[in-house]
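Structure assessment
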Amino acid sequence: MIASADTVETGACLWADVCIVGGGAAGIALALSLSGQGLKIVLLESGQATEHAPTQALYAGEVADERLHSPPDKYRTRRMGGSTTIWGGRCVPFDPIDFEARSHVPFSGWPISYGDLAPFYPEANALSEAGRFSYDADEALGPAAAPLFRRFESTTVRTNSLERFSCPTDFGKRYEKRLRLAPDIKVLLGANCTAIRLEPGGRAVDELEVTTLSGRYFKVAPRAAVLAAGGLETARLLLASDDVAHAGIGNEHDAVGRYYMCHIAGNVGTLTVRGTPDDVRHGYELAPEGVYCRRRISIAPEQQRRHGLANTVARLHFPRITDPRHRNGVLSGLFLVRRLISYEYGKRLNDGTATSPGLYARHLLNVMTDPVDTTAFLAHWVARRTLAQRKYPSVILRNRTNRFSLEMHAEQMPNPDSRVTLSERCDALGMPQVHVDWRYGRGDIESVDRTLQLIAQEFESTGAGTLEYDRERLEEDLMRFGAYGGHHIGTARMGSDVRTSVVNADCQVHSVRNLFVAGSAVFPTSSQANPTLTLIALSLRLGKHLSRRLAPKPRVQTDLVAA
Ligand SMILES: Cc1cc2nc3c(=O)[nH]c(=O)nc-3n(C[C@H](O)[C@H](O)[C@H](O)COP(=O)(O)OP(=O)(O)OC[C@H]3O[C@@H](n4cnc5c(N)ncnc54)[C@H](O)[C@@H]3O)c2cc1C
């Protein structure tokens with residue numbers, strides 16, 4: 001069932017086998033996986049089914065440097081479905097190398113392997129509505145599908161891996177009916193968990209405190225509690241619950257909130273591909289099950305090890321939108337309407353370029369002199385994006401020149417000084433807000449630089465094209481918009497060393513036997529991949545663990561035993 005938290009009596013104490021805090025992708029996947037196991041599940045969701053400004057304001061907080069990281073109430077939504085209400089839907093699994101301890105990536109190495117997570121990826125893919133769990137172009141699209149570049153073959157630089165696109169599925173809407181009808185799940189909307197109360201001694205959770213914006217107050221006493229409140233909020237809850245564990249829960253070694261990662265991303269250089277536009281497979285392809293897929297450029301794992309590279313991918317991209325010299329009507333049209341686009345999707349159209357009437361005039365001229373492309377794009381966008389149930393994932397432009405910029409998406413190295421702490425300020429419910437001090441290092445930039453050099457060498461040596469980029473400007477290109485948007489990773493990382501991690505291989509907070517974390521907060525490293533598919537797979541794995549631990553055992557039939 002789904003009910004308002006305001007229907008619970010003030011002062012009440014609800015009992016649950018499992019209480020999940022947060023109804024985003026992680027919390028919903030976990031609740032669904034636990035359903036039908038004989039357990040009573042309570043899911044506390046702060047938000048409502050739709051946007052609610054006073055609830056969203058609970059996400060406000062401080063950032064150390066707004067050029068490097070967006071304010072914490074941007075790039076995440078506090079409502080049922082969490083940030084899947086605005087995500088882009090790009091699904092990519094982690095690679096086996098991401099789980100390895102790599103000498104060139106400090107603090108790397110998961111206590112689980114790719115093989116431990118692999119059984120859960122297909123279901124994560126299904127929940128995300130991203131089709132088959134198949135991320136190799138030959139396998140997913142068939143060997144007859146044309147390669148990314150017709151004249152490029154390299155064992156160092158790969159072009160065969162795919163990303164797949166969800167509808168994009170809003171988990172709150174998509175699974176609302178299943179959650180409403182499940183007899184063993186109770187979802188409470190408007191239910192803000194404001195504190196985790198430990199039993200004396202601090203080894204187990206006693207109760208979770210819940211407050212509503214209308215002033216109701218009650219508790220949930222669970223056998224197991226799971227924080228699925230997102231990468232920033234999970235650290236906030238652990239740190240703010242400091243009555244028994246004075247440094248915050250799980251923070252005996254000052255690891256909560258540290259190692260905070262996003263991705264290193266930006267558009268770089270010019271890749272000129274030899275041949276005709278037909279020689280380049282730029283854009284989306286449909287898998288047989290009707291899911292949009294796109295190829296990327298990646299570096300073979302043995303070459304990553306050999307050259308000491310963080311895991312990084314590159315996608316073919318168009319020129320810088322704000323610069324009207326591209327003479328493209330569609331890009332100029334996007335620039336002109338950028339203020340109508342949401343903060344999250346408009347941010348990269350506001351790259352600090354000084355605007356002037358002259359700049360607007362040049363963009364307007366591009367729109368007027370490129371009417372065919374602009375009209376075709378508008379028709380395509382309305383039909384395949386605005387009206388379609390499965391949405392065309394992003395703007396792709398016909399490229400007549402075979403010149404592309406590379407959109408880099410790189411793993412960020414874990415760094416204990418990049419961290420989330422509590423601010424002096426409190427929200428409307430009296431909880432300290434977050435203070436985000438996101439940092440990157442020289443190693444992050446140098447790894448992208450070496451990755452680009454490797455790509456350039458391979459294009460040169462195969463004669464397939466040339467890649468040029470300004471090494472002096474690389475840092476500026478990668479940091480133009482600071483940390484990559486809504487990927488909040490590593491603030492309650494998984495590990496076997498309690499001094500540098502917060503949860504163990506089962507996502508259980510080391511020091512608290514019935515407290516668990518679901519979500520990208522537990523990732524010890526960030527991979528090249530966007531986080532959601534993997535955090536869903538981890539939630540499903542946690543669901544299996546909790547079912548095993550808590551579900552009632554089938555009763556032994558005495559007559560059979562006697563026989
Ligand atoms: C613009 C944008 C585009 C993105 N695109 C992609 C993409 O293409 N691919 C990809 O993999 N990822 C993408 N992401 C990231 C993706 O949205 C997140 O990884 C994912 O939604 C995180 O899910 P979650 O359940 O862990 O956390 P959240 O979605 O943050 O959910 C947490 C839930 O907890 C609730 N909550 C918070 N605090 C409390 C509390 N104290 N008490 C009760 N409830 C609470 C919130 O209301 C929310 O519903 C994107 C993000 C953004 C912002």
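Predicted model, so just to flag it, every value in this text is computed and none were measured.

**Topic: the overall build of the protein**
- Broken down by element type, the protein carries 17 helices and 21 strands.
- For 563 residues, the compact-globule formula gives about 24 Å, and the C-alpha radius of gyration of the protein, at 24 Å, lands near that figure.
- Counting only C-alpha atoms and orienting by the principal axes, one finds that the protein spans roughly 75 × 60 × 45 Å.
- Partitioning the contacts of the protein with sequence separation of at least 6, the portion at a separation of at least 24 is 75%.

**Overview of the environment of valine 157**
- Its location among the elements puts valine 157 in strand 6 (residues 157–158).
- The class for valine 157 is buried, based on 22 C-beta atoms found within 10 Å.
- Between the alpha carbons of valine 157 and alanine 240 there is a distance of 46 Å; along the sequence they are 83 residues apart.
- Residues within four places of valine 157 in sequence aside, it is in contact with Ile297, Ile299, Leu454, Ile455 and Glu458.

**Notes on the environment of valine 382**
- Tracing the backbone shows valine 382 in helix 13 (residues 371–386).
- Measuring from C-alpha to C-alpha, the distance between valine 382 and glycine 89 comes to 19 Å, with 293 residues separating the pair along the chain.

**Notes on the domain arrangement of the protein**
- By the assigned domains, the protein splits into domain 1 (1–58 + 78–129 + 171–257 + 487–551) and domain 2 (321–387).
- Look at where the C-alpha atoms of domain 1 and domain 2 centre, and you get two points 39 Å apart.

**Things to note about unusual backbone geometry**
- Cis geometry is found at the peptide bond from cysteine 167 to proline 168, where omega equals 5 degrees.
- Within the element layout of this structure, proline 168 appears in the loop between strand 7 (162–165) and helix 6 (171–174).
- Although it is not a glycine, tyrosine 75 sits at a positive phi angle of roughly 60 degrees.
- With respect to the helices, strands and loops of the structure, tyrosine 75 is situated in the loop between strand 4 (62–63) and strand 5 (90–91).
- For tyrosine 75, a count of 23 C-beta atoms within 10 Å translates into the label buried.
- For aspartate 254, which is not glycine, the phi dihedral falls at a positive 60 degrees.
- Mapped onto the elements of the fold, aspartate 254 is located in the loop between helix 8 (231–240) and strand 12 (263–273).
- In this structure aspartate 254 comes out as partly exposed when scored by C-beta crowding, with 13 C-beta atoms within 10 Å.

**Details of the pairing of strand 11 (residues 217–227)**
- Where strand 2 (residues 13–21) meets strand 11, eight bridges bridge the pair, whose relative direction is parallel. The residue bridging cysteine 13 from the neighbouring strand is lysine 219, located in strand 11.
- The sheet contact formed by strand 10 (residues 205–211) and strand 11 spans four bridges and is antiparallel. Each residue of the ladder has a partner; that of glutamate 209, found in strand 11, is lysine 219.
- Between strand 10 and the antiparallel strand that follows it, strand 11, lie five residues; glycine 215 among them carries a positive phi value of about 100 degrees.
- Sheet analysis places strand 11 next to strand 21 (residues 515–517), joined by three bridges and oriented parallel.

**Details of the sheet that holds strand 7**
- An order of 5-7-14-13 is seen for the four strands of this open sheet, with the pairing classed as antiparallel. Lying at the two open borders of the sheet, with one neighbouring strand each, are strand 5 and strand 13 (285–286).

**Some points on the site of the ligand**
- Near the ligand lie 41 residues; those nearest to it are Gly22, Gly24, Gly82, Gly230 and Gly486.
- Breaking the shell around the ligand down by element, the ones donating at least two residues are helix 1 (25–34), strand 3 (41–45), strand 9 (192–198), helix 8 and helix 16 (532–550).
- At three residues, the largest contribution of residues to the shell around the ligand is made by helix 1.
- A class-by-class count of the residues in the shell around the ligand yields 14 nonpolar, 20 polar and seven charged.

**Observations concerning the packing of helix 1 against helix 16**
- Orientation of helix 1 relative to helix 16, taken along the N-to-C sense of each, is 35 degrees, at an axis distance of 8 Å. Relative to helix 16, the crossing made by helix 1 is right-handed. Each of Ala25, Ala26, Ala29, Leu30, Ser33 and Leu34 in helix 1 lies in contact with helix 16, whose residues at this interface are Thr532, Leu535, Ile536, Ser539, Leu540, Leu542, Gly543, Leu546 and Ser547.
- A class-by-class count of the residues in the contact of helix 1 with helix 16 yields 10 nonpolar, five polar and no charged.

**Structural notes on the environment of alanine 428**
- Among the secondary structure elements, alanine 428 is positioned in the loop between strand 18 (419–426) and strand 19 (432–437).
- Each C-alpha atom, one on alanine 428 and one on leucine 58, is 6.9 Å from the other, the two residues being 370 residues apart in sequence.
- In this view, alanine 428 contacts Pro54, Ala57, Leu58 and Leu213; residues no more than four positions away in its chain are not counted.

**Comments concerning helix 8**
- For helix 8, a buried count of 10 out of 10 residues is recorded, marking the element as mostly surrounded by other parts of the structure.
- Where helix 8 is buried, its residues contact strand 9, strand 11, strand 18, strand 19 and strand 21.

**Details of the sheet that holds strand 4**
- On the basis of which strands lie adjacent, the open sheet formed by three strands has the order 4-19-18 and mixed pairing. Two strands in the sheet have a free side with no partner beyond their single neighbour: strand 4 and strand 18.
- For strand 4 and strand 19, the ladder comprises two bridges, and the chain directions are parallel. Of the residues in strand 19, the one forming a bridge with glutamate 62 is histidine 435.
- Those strands touched by helix 8 are strand 18 and strand 19, and its axis lies near 65 degrees from that of strand 18.

**Things to note about the packing of helix 10 (residues 329–336) against helix 13**
- Running from amino to carboxyl end, helix 10 crosses helix 13 at an angle of 65 degrees, the nearest separation of the two axes being 8 Å. Here Gly329, Val330 and Gly333 of helix 10 lie close against helix 13, whose contacting residues are Pro371, Asp373, Thr374 and Phe377.
- A per-class count over the contact of helix 10 with helix 13 returns three nonpolar, three polar and one charged.

**Brief notes about the pairing of strand 10**
- With six bridges joining them, strand 9 and strand 10 adopt antiparallel strand pairing. If you follow alanine 195 over to strand 10, its bridge partner there is glutamate 209.
- Taking the residues between adjacent antiparallel strands as the criterion, strand 9 and strand 10 are bridged by six residues, where glycine 201 takes a positive phi near 100 degrees.

Rules behind the numbers
Residues numbered from 1 in each chain as written. Predicted model: local features only at pLDDT ≥ 70, side-chain atom pairs only at ≥ 80, totals over all residues. Helix = DSSP H or I, 4+ residues; strand = E, 2+ residues; numbered from the N terminus. Rg over C-alpha atoms; globule rule 2.2 N^0.38 Å. Contact = placed C-beta atoms within 7 Å. Buried ≥ 20, exposed ≤ 12 C-beta atoms within 10 Å, placed from the backbone. Domains from an automatic or database assignment. Pairing = 2+ DSSP bridges. Near = placed C-beta within 6 Å. Nonpolar A, V, L, I, M, F, W, Y, C, P; charged D, E, K, R; others polar. Axes fitted to C-alpha atoms, helices over the stretch in contact; angles between N-to-C directions. Left-handed = near helix turned anticlockwise from the far one by under 90°.

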